[in-house]
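# A closer look at the structure
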Amino acid sequence: MRVYVYVDGFNLYYRALKGTQYKWLNLQKLSEELLRPQDQLESIRYFTARVSSRAGDPDAPRRQQILFSALSTLPSLRLHYGKFLSKTKRRPVVGSNPRQFVEIHDTEEKGSDVNLAVHLVNDGWHGRYDLALLLSQDTDLIEPVRIVTSELGLKVGLVWLDGGQPNAELKNVASFVRHVRKSHLARSQFPDPLVASNGRTIRKPKGW
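Now for a description of the structure that goes with this document. (Residues numbered from 1 in each chain as written. Predicted model: local features only at pLDDT ≥ 70, side-chain atom pairs only at ≥ 80, totals over all residues. Heavy atoms only, no water.)

### Focus: helix α4 (residues 112-125)
- With 14 residues, α4 should cover 20 Å at 1.5 Å per step; its first-to-last C-alpha distance of 20 Å lies within 8% of that length.
- Glycine 127, located one to two residues past α4, shows a positive phi value of around 70 degrees. (Helix = DSSP H or I, 4+ residues; strand = E, 2+ residues; numbered from the N terminus. Expected span 1.5 Å × (residues − 1).)

Shown next as structure tokens:
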């Protein structure tokens, strides 16, 4: 089967990678871990947004850019960018006088789920894949997955990331479910250092 892989970058990070030693993740190797030997990996679409510096973590954009540089060495991978919004919000303090508020620094990623849904349906409509492998637990994707499986007659494999039970509605519209294991992540790491085809050396960020 011709396979396209769709990765919700923030969903993958928060569901499977945060707090682990597996952030230096080669998505092509991970995809191959999750596919059968006879499947043909055609393309990986990675949906994300450029983060901004946060209080207590001003180095986040630099670490993210190093990962993007590593991912860009994969010939089958294409990066798709949404937006990372940073703003100040007022929120009530828990258990206090209802008139007492505090200002918080809030960040929000926008656009990746919509971009992923559009490309999933559009690629399917154009007949670019026989199987779409979806690395996301976002239930906003239920309807586009249903369209691909029910109306286009193509297969969508749901890859569940956090080790828990898949959402029932998302599972019901998918063709099958596979789970990401720590062993998959461990076998799917980039080398450190990574040498790109142009001779450039890319080193894993410290702490990863």
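### A look at the pattern of salt bridges
- One pass over the full model with this rule turns up 11 salt bridges.
- Two residues, aspartate 123 and arginine 45, come together in a salt bridge whose shortest N-O distance is 2.8 Å. With aspartate 123 in helix α4 and arginine 45 in strand β2 (residues 40-48), this residue pair connects regions lying 78 residues apart in the sequence.
- With relative accessibility at 8%, the residue arginine 45 sits in the buried group. (Salt bridge = Lys/Arg side-chain N within 4 Å of Asp/Glu carboxyl O. Buried < 20%, exposed > 50% of the residue type's maximum accessible area, 1.4 Å probe, protein only.)

### Brief notes about helix α1 (residues 9-17)
- Here α1 has its buried residues at Gly9, Phe10, Asn11, Leu12, Ala16 and Leu17.
- Glycine 19, located one to two residues past α1, shows a positive phi value of around 80 degrees.

### Points about the side chain of arginine 63
- Inspection of the secondary structure puts arginine 63 in helix α3 (residues 60-71).
- With relative accessibility at 18%, the residue arginine 63 sits in the buried group.
- Once residues within four sequence positions are removed from consideration, arginine 63 is found in contact with Asp57, Pro205 and Trp208. (Contact = heavy atoms within 4.5 Å.)

### Re the sheet that holds strand β6 (residues 131-135)
- Strand order in the open sheet formed by 6 strands is β3-β2-β1-β6-β7-β8, with parallel pairing between adjacent strands. With one partner strand each, in any of the chains shown, β3 (77-81) and β8 (176-179) form the two edges of the open sheet. Ignoring which end each strand starts from, the neighbouring axes of this sheet average 20 degrees apart.
- Where strand β7 (residues 155-160) lies against β8, 4 bridges are found, and the strand directions are parallel. The partner of glycine 157 across the bridge, within β8, is phenylalanine 176.
- On top of the sheet, α1 reaches β1 (2-8) and β2; it is set at about 70 degrees to β1, its chief contact. (Pairing = 2+ DSSP bridges. Axes fitted to C-alpha atoms, helices over the stretch in contact; angles between N-to-C directions.)

### Topic: the environment of leucine 17
- Checked against the element boundaries, leucine 17 lands in helix α1.
- Considering only alpha carbons, one finds leucine 17 and leucine 185, 168 residues apart in sequence, at a separation of 8.8 Å.
- What leucine 17 contacts, discounting residues up to four positions off in sequence, is Leu12, Tyr22, Lys23, Leu25 and Leu185.

### Topic: the side chain of lysine 23
- Relative to the elements of secondary structure, lysine 23 occurs in the loop between α1 and α2 (27-34).
- Buried lysine 23, no salt bridge; nearest opposite-charge side chain is aspartate 57, N-O distance 9.7 Å.
- For lysine 23, the side chain forms a polar contact with the main-chain oxygen of threonine 20, separated by 2.9 Å. (Lys, Arg positive; Asp, Glu negative; His and termini not counted. Polar contact = N/O pair within 3.5 Å; in protein donor to acceptor, adjacent residues only side chain to side chain.)

### So, the nonpolar core
- Ranked by size, the top nonpolar core spans 34 residues in total, and within it Leu27 and Tyr46 carry the most contacts.
- Contributing elements (two or more residues each) for this core: β1, α1, α2, β2, α3, β3 and β6.
- Top element by residues in this core is α3. It accounts for 5 residues.
- Those residues within four positions of tyrosine 46 in sequence are excluded, and the remaining contacts are Val7, Gly9, Leu27, Leu67, Phe68, Leu71, Leu77, Arg78, Leu79 and His80.
- In terms of nonpolar packing, the next biggest core, distinct from the first, is built from 20 residues, Tyr4, Leu134, Val156 and Val173 among them. (Core = buried A, V, L, I, M, F, W, Y, C linked by side-chain atoms within 4.5 Å.)

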